[in-house]
Amino acid sequence: MSAPADATYDLFIGGEESPGAAGERRPVIDPATNREFARAAVGSVDDARAAMESAERAFRETNWAEDDGARRGRTLFRLAALLEADAETFARIETLNMGKPLRESRADVGYVVRTLEYFAGLADKTEGETIPVPGPRFDYTVREPLGVTVHIAPWNYPLLLAVRSVAPALAAGNAVVLKPASLTPATAVAFARLATSAGVPPGILNVVSGPGARVGEALVEDPRCRSVTFTGSVEVGERIAALAARHLRPLTLELGGKGPVLVFPDADLDRAARAIGYGIFQNAGQMCWAASRLYVHESIREPFLERVRAVAEALRLGPGLADGVEMGPLVSPEQLDRALGFVADARSDGGKVLTGGVRATDAGLASGNFLRPTVLVDVPEHSRAVAEEIFGPVLAAAGFRDADEAVRLANSTRYGLLGAVWTRDLSTAHTVARRLDSGMVVVNEAPITYPQSPFAGTKSSGLGFEQGRDAVRTYTRRKNVLVNLGAPKRKA
Ligand code: NAD
């Protein structure tokens, strides 16, 4: 694979790389310095159509869909092994492109390897059913691939969130068109190259980068599109849902969050403080499931907030490739300004900044998009900083008096992705987990997931689910076959 620096990441259509119909390329930026480190093709509507055409042809003409699922599985296992062998290069590209510390990028690539292996193992397990019906008839169902599936990915975990849906779609026998975020196209293209080396037939995995409003919408509206998986903001998710409804496309949406963390007085407070730090400052808080709201029991509020402040202030900021760095920059100057805007609003709404709330301008950081790990306190519930996703290293903390109030506060936003409960009491843990209006709950844990666990949000956080054994079925259609066996009726 080409070296990360000075590389070019073009479109990948029909097994071939090209700069696209218009031949336009743009710089790919390192957010730690805001300097260009590579160039990438900017796809157009014509390129989107070419990718859909290539996928549809490959679906019809190659044996990918028809083949024994076990063979597809073996190809995906090979792809996982190739990625594992090249993991360090992928991790370095991800860090250069997105800014996160190298150890986080390494963990992301490891997660992608495990995701591929998990779905490779499920490729031959899409069984149908037999259904008893009256008379001399035989009724059964089969699970068939859908055809061309479209996957639109965000920039915060560029490869991980792309492969999270691409892997089950490929395992089920579909042909895929992937659109990475415009800011972070690099690893998707590198991954497509690797897929070809693993034996994925040309045209079965296509990558077309480009502006969402043009390229993304063209993919969703293309008549060959048979399903859409979108991971990104609520606003764009709603727009895609409207387009998908107009064309009756099956749809999976993984959208934003405003994760509540409830800390009861009997919790292991040291572990809780460290986990909250991880949950909001990892990836500089650019996570859909970030632990971005802390509600702590009034009886322990001040000492606990001191622990959280200490965790925030101890973090070492720097470029993701530097040794020992624990938090990198935000992905772009726009995201930095957006996060600072939320902090300003919190202040003008009467909230206080316990720590952070400003850019980091020390030597080596001033030219990057670094925001100091931030903890806000006493921000009113109606403030944007409490109600809306910030997508930065900004925690909003407040107190609660009892479990009822904690649950009410936790459920008070339009989001419902991941909630966390910290307590040693079994009854509190399970009753509060049951009352949280969210797709996922963790108890005495930082946000954590595995390829085998369903990942889902409710309310404005999403529709459908990803991961887990049922994810492969999302990318199949259930066909019913009823056969009249023509046997004579038995006499009464
Ligand atoms: P975004 O919505 O701006 O963009 C996501 C993708 O959609 C990009 O590839 C973009 O180019 C494309 N896009 C933009 N407009 C489009 C349109 N009109 N039609 C089709 N595609 C379009 O999101 P982002 O800024 O890249 O990512 C951050 C958001 O993603 C946050 O809100 C975060 O919570 C969410 N997210 C959710 C999950 C999850 O699993 N629930 C995971 C990660 C990120």
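First, a word on scope: everything that follows refers to the structure included in this document. Quick caveat: nothing in here was measured; it's all calculated off a predicted structure.

Quick look at the pattern of salt bridges
Under the criterion given, the structure shown has 34 salt bridges. Arg 164 serves as the salt-bridge partner of Glu 466, at 3.2 Å between the closest nitrogen and oxygen. Placement of Glu 466 in the loop between strand S22 (462-463) and helix H15 (471-474) and of Arg 164 in helix H5 (residues 158-171) is noted, with a sequence separation of 302 residues between them. By relative accessible area, Glu 466 is classed as buried at 2%. Look at Arg 164 and you get buried, because its relative accessible area is 4%. Note that Glu 302 is salt-bridged to Arg 301, the shortest N-O span being 2.7 Å. Glu 302 gets classed as partly exposed once you look at its relative accessible area, which sits at 48%.

Describing the site of the ligand
Taken together, the neighbourhood of the ligand is formed by 28 residues, with Ala 153, Glu 217, Ser 233, Leu 255 and Glu 389 sitting nearest. Contact distances for the ligand include 2.8 Å between an oxygen atom and a side-chain N or O atom of Arg 164. The separation between a nitrogen atom of the ligand and a polar main-chain atom of Leu 255 is 2.6 Å. Burial of the ligand by the protein amounts to 89% of the accessible area it has alone, namely 850 Å². There are two domains that each give the shell around the ligand at least three residues, and those are domain 1 (7-255 + 461-479) and domain 2 (260-443).

Brief notes about the packing of helix H2 (residues 69-85) against helix H4 (residues 102-122)
Each pair of packed helices can be described by the angle between their axes along with the distance between the axes. Across the interface, H2 lies against H4 with an axial gap of 8 Å and an inter-helix angle of 165 degrees. Regarding the angle of H2 to H4, the classification is roughly antiparallel. Of the two elements, H2 crosses H4, and the hand of that crossing is left-handed. Taking contact as the criterion, the partners of Gly 73, Leu 76, Phe 77, Leu 79, Ala 80, Leu 83 and Glu 84 in H2 are, on H4, Val 109, Val 112, Val 113, Leu 116, Glu 117, Ala 120 and Gly 121. Looking at side-chain class alone, the contact of H2 with H4 contains 10 nonpolar, 2 polar and 2 charged residues.

Side note on helix H14 (residues 426-435)
All of the buried residues in H14 are Thr 428, Ala 429 and Val 432. Axial view of H14: buried residues confined to an arc of 100 degrees, hence all on one face. Exposed and oriented more than 90 degrees from the buried face of H14 are Leu 426, His 430 and Arg 434. Buried residues in H14 make contact with strand S13 (260-263), helix H13 (403-410), strand S19 (418-422) and strand S20 (440-443). Where H14 begins, one side-chain oxygen reaches toward the backbone nitrogen of Ser 427, 3.2 Å away; that side chain belongs to Asp 425.

The rules behind the values
- All residue numbers refer to position in the chain's written sequence, counted from 1.
- Side-chain atom pairs in this predicted model are given and counted only at pLDDT of 80 or more, local residue features only at pLDDT of at least 70, and totals for whole chains, interfaces and linings cover all residues.
- Note that the side-chain values use all heavy atoms of the structure and ignore hydrogens as well as water.
- Salt bridges are defined as contacts in which a side-chain nitrogen from Lys or Arg sits within 4 Å of a carboxyl oxygen from Asp or Glu.
- Helix and strand definitions follow DSSP, with helices as H or I runs of at least four residues and strands as E runs of at least two, each counted in order from the N terminus.
- Relative accessibility under 20% of the residue-type maximum defines a buried residue, over 50% an exposed one, and the middle range a partly exposed one, all with a 1.4 Å probe and only protein chains included.
- If a single non-hydrogen atom of a residue is within 4 Å of a molecule or strand, that residue counts as near it.
- Polar contact is defined as a pair of N or O atoms within 3.5 Å, subject to the rule that within protein one atom must be able to donate a hydrogen and the other to accept it, and that residues adjacent in sequence are counted only when both atoms are side-chain atoms.
- In these tables, accessible area is a Shrake-Rupley quantity obtained with a 1.4 Å probe, and a residue counts as shielded only by the protein chains included in the view.
- The start and end points of each domain follow an automatic or database-based domain assignment.
- To obtain each axis, a line is fitted to C-alpha atoms, and for helices this fit is confined to the stretch in contact; angles are then taken between N-to-C directions over 0 to 180 degrees.
- Should an angle fall under 35 degrees it is taken as roughly parallel, and over 145 as roughly antiparallel, whereas 65 to 115 is taken as roughly perpendicular and any remaining angle as oblique.
- Left-handed is the label given to a crossing in which the near helix is rotated counterclockwise from the far helix by less than a right angle, and right-handed is the label when the rotation is clockwise.
- The contact criterion used throughout is that any non-hydrogen atoms of two residues lie within 4.5 Å.
- Just so you know the grouping, Ala, Val, Leu, Ile, Met, Phe, Trp, Tyr, Cys and Pro go in nonpolar, Asp, Glu, Lys and Arg go in charged, and all remaining residues, Gly too, go in polar.
- Relevant arc is that of directions from the helix axis to the C-beta atoms, nothing else.

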